[in-house]
Structure formats: C-alpha cells, structure tokens
Amino acid sequence: MTEILDIDGSVLEGGGQILRNSISLSAILGIPVRVKNIRAGRKKPGLAAQHLKGIQLVAEMCQAKLSGAHIGSTDIQFIPGKIRGGQYLAHIQTAGSVSLLLQVALPCALMADSPVILDLKGGTNVDMAPQIDYMNEIFRENLKHFGAKYSWKLIKRGYFPRGGGHVQVTVNPIPSLKGVTFHDRLYRGPHFVNIWSFVAGNLPVKIAYEMANGAKDKIDIIEHPVYTNCIKDQQYVQNNCSGILLWSYLGTGCVLGADALFKGPIDPFEAGQKIGADFMNLIHSGVSLDSHAQDQMILYMCLADGKSIVHTGEITLHTKTAIHIAETIAKIKFTIRPDGDKNFIECTGLGIFNKNISIND
C-alpha cells in the first residue's frame, strides 16, 4: 500500500480548508493521508458537523477507508479508492455551509466514473463561508474556464441557526482540466454590474431594495449599467437574515464579485453603500479574481493540464494555505510574482487525466 502522507492541520490558516483540500486531493490522486491537529487554529478545535459530513461524503464517493471521523476529532486517516458516480446525500443537521460541502466534493465529482448528483443540506447563506449565490454566480462561472461545469437547483434556503437549506448539484465528469489565464483585462470591461439582494424572516422586502439602492449609489451607472434583483424569501424562517451580492463579467470572461450577509439590525442603505464601494474598488483595481475566488482556484490550477496564471490582489492566508497543501500533496510548485500592490499566481499543473472514465465518455 502507498505510504500514508501526514498533513499538519495547524499550519497557516489552521482551519477547515486544510482538511477539505487534503481530502479532495487525496481522493483524486489516490494518495492516503492522515490529517492531524485538525482546526487547531480555531476556538473549538477538531471536526465540527460540516467538516465531518464533508469528509464522509467524499469517503462514500470514493469508497475510502476512513478512521477517526467523529465530532471533535483532531486526527483522521483517509485511504481513498475509486471515485464512483451516483447520487449522494450530505445532511449537516445544522446551519453548517453547503457551499463548503460543495468545495470538498466537486473536484472529486469531476473525476468520477459517471455523473454525480449531490444533495447538500444545511446552511445556504451563513457566516464564515461563501453564500450559495456567490458559488453560483462567481465561482461556477470562473470554473468554466478550466473546462468544468455543474448545474444546480436551489430547493430551499437555510440560515443560522437551524439551517434546513437544500441544494442539488449535478456534475458530469470530465477527462481533464485545462490551464487558465485570468489576467490582461486592459479596457475590455466590465460591461454591467448585477446586484442581487434578499431578506428573510420578518424583514420587509423594502430592506432588500434599500440595500440595492445603496450599492447602486456608489456605481457610475453611465460607465457600468446596473441590473438589480431584490427578493424576499417566502419560506417560514424563525430568524431574520439579509444579504447582498454584486458581480460583473470582465472582458476576459472572468467574473468579479463581492457579497455581504447580515443577521442583526442594519442601516440597509449604508450597508449597500459599503459593499458597493468595496466592489467598485475591486473593479478599478485591475485584478481578475476577488479575494474569495483567489484561494478556490488553487486546487484546480494544481490539477489542470498546462500552465495557469491568475492576477489578483493581496495574497490571502487562505490562498497561502491552499498553495501549501497543493505543494505538499501534489509535489508541484506555485510561484507568486508581485505586480505593484497586486500579484500574479502561476503554476504548471499536474495534467491529471480522469482514469475512471473512457476517452469516449
């Protein structure tokens, strides 16, 4: 049997991202791993419900031998098998993020032997994780440049503290991922700005409109025409929640985005103004990836065939952590090349071919 690779979960970001990226790469590359000191950088170290469900989901997908997987565990061992298609359910039972479930399972689903349907239940719009709407409008669109696609269906939204959301994701496996070039924007965009805002619970829909108007107040609508969509989640929700998402397609086809989520009382117009100002600063910065998309691209760059290069702002701790895990498990090298106060991230990927499907699939 291949020697088990030890991964220290306390390094750098010291959170769940180390676990997710390690398990995804382990399943795809067929490298057994032991992750220790899990989430050592958090107030409550060890596996929480969403982390446990994530690794159990991938273990089921690839028929892995999994040990140490229980709430609070700080040490797990994962020995992967073949990634198989089919329908899989991961129900967190809390408001743990379904977006983080998608992060760990999606790369594996792309390398399965047949189509995969993921039924993910938990929180769709919660703190400390990308909103599912961000994953749909920004992450999913940027992923297409790697030659990877998925479809999704939002069945029900879920918020803190009860969760209860349900998203179904359908993935067709692909032979391989392509290297990407996310830079050289020049003056080719953006063409327009999308603003989506929502409220849930007892909040009136006018709050969503005020947030959108606040964001619009910070946008030059002559240079950037604005399209808005404001909704109230009509399902019964015990706790109030509101949020906003802005995104824009660049001339290169990449998508930049910014979002915010609120649980307590806010001045909706001022909250919208802040996210609007942040978004316009991002647009004018000249980068092709926002800080949240930055670290999510690392794993795909690692696996892709050929050289990838992305232009982004300050390198986040999450990105440094994702690079560390990719270099540790996949034995490739990332290069960060400064560009003033911005950076280019480059690597030549492994060029992994999906050995689970035939070339004619």
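All figures in this text were calculated on a predicted structure; none of them were measured in a lab.

Participant: How do you make sense of the UniProt feature "active site" (unreviewed entry) in the protein chain when you look at a structure like this?
Facilitator: With numbering aligned to this structure, UniProt lists the feature "active site" (unreviewed entry) at His318. Along the chain, the position of histidine 318 falls in helix 9 (residues 317-330). We classify histidine 318 as partly exposed; its relative accessible area is 34%. In this structure, histidine 318 is in contact with Glu13, Gln17 and Asp295, ignoring residues within four places of it in sequence. Here glutamate 13 takes part through its side chain, which lies 3.5 Å from a polar atom of the side chain of histidine 318.

Participant: Whenever I open this one, the packing of helix 3 (residues 98-110) against helix 4 (residues 132-143) confuses me. Can you help?
Facilitator: The description of two packed helices rests on the angle between their axes and on the distance between the axes. Here helix 3 crosses helix 4 at 25°, and the two axes come no closer than 10 Å. Our classification of the angle between helix 3 and helix 4 gives roughly parallel. Helix-helix and strand crossings are classified by hand; for helix 3 and helix 4 the assignment is right-handed. Contacts between helix 3 and helix 4 involve Val98, Ser99, Leu102, Gln103 and Leu106 from the former and Ile132, Met135, Phe139 and Leu143 from the latter.

Participant: I'm lost on the sheet that holds strand 1 (residues 5-8) in this one. Help?
Facilitator: By way of backbone hydrogen bonds, the strands of a sheet pair with one another, either parallel or antiparallel. Here four strands make up an open sheet; going across it, the order is 1-2-4-3 and the pairing mixed. Two strands lie at the open edges of the sheet, namely strand 1 and strand 3 (65-67), each paired on one side alone. Between one strand axis and the next, the sheet turns through 15° on average, direction left out of account. The sheet contact formed by strand 1 and strand 2 (residues 33-36) spans four bridges and is parallel. From the neighbouring strand, isoleucine 7 faces strand 2, where its bridge partner is valine 35. Contacts from helix 2 (residues 49-61) reach strand 3 and strand 4 (75-79), with the element oriented near 15° to strand 4. Across the sheet, helix 9 lies against strand 1 and strand 2, angled at about 170° from strand 1, the strand it touches most.

What counts and how
- Residues numbered from 1 in each chain as written.
- Predicted model: local features only at pLDDT ≥ 70, side-chain atom pairs only at ≥ 80, totals over all residues.
- Heavy atoms only, no water.
- UniProt positions renumbered as here; feature names shortened; annotations may be inferred.
- Helix = DSSP H or I, 4+ residues; strand = E, 2+ residues; numbered from the N terminus.
- Buried < 20%, exposed > 50% of the residue type's maximum accessible area, 1.4 Å probe, protein only.
- Contact = heavy atoms within 4.5 Å.
- Polar contact = N/O pair within 3.5 Å; in protein donor to acceptor, adjacent residues only side chain to side chain.
- Axes fitted to C-alpha atoms, helices over the stretch in contact; angles between N-to-C directions.
- Parallel < 35°, antiparallel > 145°, perpendicular 65-115°, else oblique.
- Left-handed = near helix turned anticlockwise from the far one by under 90°.
- Pairing = 2+ DSSP bridges.

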